[in-house]
Amino acid sequence: MTGSSFVVRAAARDEAAACIELWTAAVAARDGVPRSAAVWDRARSKFAAARVALVVASSPSSAALAGSVPAGSAPAGSAPASPAPAGSVSAASALAGFALVTEPGTGLPGDPDDAAYLSLLAVDPRAQGHGLGRSLLQRAVAEAGAAGYARTLLHALDDNAPALRLYRGAGFEPVGEPFPHALSGRPTRAWVADGARTAPATRVRAGATAARPPHSATGPTSPGAPRAGTAGASGS
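Per chain, residue numbering runs from 1 following the sequence as it is written. Side-chain atom pairs in this predicted model are given and counted only at pLDDT of 80 or more, local residue features only at pLDDT of at least 70, and totals for whole chains, interfaces and linings cover all residues. Side-chain calculation: all heavy atoms of the structure are included, whereas hydrogens and water are not.

Thoughts on the overall build of the chain
Summing up its helical and strand segments, the chain has 5 helices and 9 strands in all. Only runs of H or I of at least four residues qualify as helices and only runs of E of at least two qualify as strands under DSSP, and these elements are numbered from the N terminus. Mapped in sequence order, the helices and strands of the chain form the string β-α-α-β-α-β-β-α-β-α-β-β-β-β. Within the chain, buried positions represent 48% of all 236 residues. Within the chain, residue pairs in contact and separated by at least 24 positions form 78% of the contacts whose partners lie at least 6 positions apart. Buried means the residue's accessible area, taken with a 1.4 Å probe over protein chains only, is under 20% of the maximum for its type, while exposed means over 50%, and partly exposed covers the values in between. Should any heavy atoms of two residues lie within 4.5 Å, those residues are considered in contact.

Topic: the pairing of strand β7 (residues 187-194)
Across the 8 residues of β7, 6 count as buried, placing the element largely inside the fold. At least two DSSP bridges between two strands are required for those strands to pair. Note that strand β6 (residues 172-180) and β7 share 6 bridges and pair antiparallel. Note that in β7 the partner of Pro180 across the bridge is Pro187.

Focus: the nonpolar core
One finds Val101, Leu136, Leu137, Leu154, Tyr167 and Phe172 to be the most contacted residues of the largest nonpolar core, which totals 30 residues. The set of elements that each furnish at least two residues to this core consists of β1 (5-10), β2 (51-58), β3 (95-102), β4 (115-123), α4 (132-146), β5 (151-157), α5 (161-169) and β7. Considering every element that reaches this core, the biggest residue donor is α4, with 6 residues. Ignoring sequence-local partners within four residues, the contact set of Leu154 consists of Tyr117, Leu118, Leu137, Tyr167, Phe172, Arg189, Ala190 and Trp191. Working definition of a nonpolar core: buried Ala, Val, Leu, Ile, Met, Phe, Trp, Tyr and Cys residues. They are joined through side-chain atoms within 4.5 Å. Counting residues in hydrophobic clusters, the runner-up holds 18 residues, among them Ala16, Ala18, Ala43 and Leu100.

Examining the packing of α4 against α5
Only the stretch in contact is used when fitting a helix axis, every axis being a line fitted to C-alpha atoms; angles between N-to-C directions are given from 0 to 180 degrees. The N-to-C vectors of α4 and α5 enclose an angle of 45°; their axes lie 10 Å apart at closest approach. As far as their axial angle goes, α5 and α4 are oblique. Note that α4 runs across α5; the crossing there is right-handed. Here Gly133, Arg134 and Leu137 of α4 come into contact with α5, specifically with Leu166, Tyr167 and Gly169. When describing relative orientation, an angle under 35 degrees is termed roughly parallel and one over 145 degrees roughly antiparallel, while 65 to 115 degrees is termed roughly perpendicular and anything else oblique. Helix crossings fall into two classes, left-handed where the near helix is turned counterclockwise from the far one by less than a right angle and right-handed where it is turned clockwise.

Re the side chain of Thr188
With respect to the helices, strands and loops of the structure, Thr188 is situated in strand β7. In protein, a polar contact means a hydrogen-donor-capable atom and an acceptor-capable atom, both N or O and within 3.5 Å, with residues adjacent in sequence counting only if both atoms are side-chain atoms; elsewhere, any N or O pair within 3.5 Å suffices. In terms of polar contacts, Thr188 uses its side chain to reach the backbone carbonyl oxygen of Arg186, at 3.0 Å. What Thr188 contacts, discounting residues up to four positions off in sequence, is His155, Ala156, Leu157, Asp158, Glu177, Pro178, Phe179, Pro180 and His181.

Focus: the pairing of β1
Among the 6 residues that make up β1, 5 are buried, leaving the element largely enclosed by the rest of the structure. Taken together, the 4 bridges between β1 and β2 define a ladder with antiparallel strand orientation. Among the inter-strand pairings, Val8 is bridged to a residue of β2, identified as Ala57.

Section: the environment of Pro174
Locating Pro174 in the fold gives a position in strand β6. For the pair Pro174 and Arg189, spaced 15 residues apart in the sequence, the C-alpha separation amounts to 6.7 Å. With residues up to four places along the chain from it excluded, the contact list for Pro174 reads Arg168, Arg189, Ala190 and Trp191.

Structural notes on the side chain of His155
By the element assignment, His155 lies in strand β5. A residue is classified by how much of its surface remains accessible, and His155, at 3% relative accessible area, is buried. A polar side-chain atom of His155 sits 2.9 Å from a polar atom in the side chain of Asp111. Side chain to side chain, His155 and Tyr117 meet in a polar contact 3.3 Å long.

Details of the confidence of the model for the chain
Averaged over every residue, the pLDDT of the chain is 75; residues scoring 70 or more account for 66%. One confidence number per residue, pLDDT, is output by the predictor and ranges from 0 to 100. Low confidence marks residues 67-92, where pLDDT is under 50. Its contacts with residues over four positions away, or in another chain, come to 41 contacts. Across residues 199-231, confidence stays below pLDDT 50; counting only partners more than four residues off in sequence or on other chains, it has 112 contacts.

Shown next, in the form of C-alpha cells:
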C-alpha cells in the first residue's frame with residue numbers, strides 16, 4: 001500500500017461498508033485493542049445520518065474499478081449486517097482512507113447550525129505518513145463547500161496535539177468552550193473551518209515529503225490514549 005500513489009476521490013456507491021470496516025480496524029490499531037462491535041455499530045450509525053459527502057483515498061487502479069460500479073449496487077449509506085470477522089479480508093483493504101461529512105445538526109446539539117459535520121476521518125495505518133489525512137480533510141471541506149455549506153465542523157480532543165496541528169493547518173479554528181467527550185470524558189472542543197480557505201488535493205504520492213505532517217496526520221480524537229504515528233482514526 002505504501003509503494004504507490006493515492007487518489008482522493010468521491011466514494012463509489014458501494015464503498016460505505018468498506019469505510020466502516022476500515023474505521024473499525026483503524027480504531028483497533030490506534031488503541032492496541034481487538035476489533036470492537038461497539039465501534040463498528042457507532043460508525044454504522046454515523047453513516048446512517050444525512051450525508052453531505054464521502055471521500056476516499058485509494059490506489060489509481062482501485063479508483064478506476066470504483067468508477068465502473070453498476071447502477072444496481074447498494075446505496076451509499078448501506079452497511080453489512082455485522083462486522084467482518086477479525087483477520088478477514090474485506091473491501092476495506094482497497095482503501096487507504098476516507099472522510100465522512102454529514103449535514104448540520106448531525107453532531108452535537110450545541111454545534112453551529114450552519115456547518116456541515118466532519119463526522120469520521122480515518123487513514124489505514126499502513127498508509128500513514130504520506131499526507132493522506134491532510135488531503136482527505138481538504139477534499140472533505142471542499143466537497144462541503146460545493147454542496148452549499150460555507151463552514152465545516154469537527155470535534156477534536158484537546159490533548160491530541162498532532163491532529164490539532166493538522167486541523168489548524170487546514171484552516172480550522174477552535175470555537176466555544178471544551179466539553180467532556182461523551183464516552184471518554186476527555187476535554188473535547190469544536191473546530192470550524194471556512195471552506196473558501198481550503199484547497200482540495202487529489203493525489204498524494206507515497207514517500208512525498210511536502211505535505212507530510214510532523215506526526216501522524218490523523219491521530220485519535222475519539223476515546224483511547226493518543227498514539228502519534230500509529231493510528232489514523234479521528235472523530236467524536
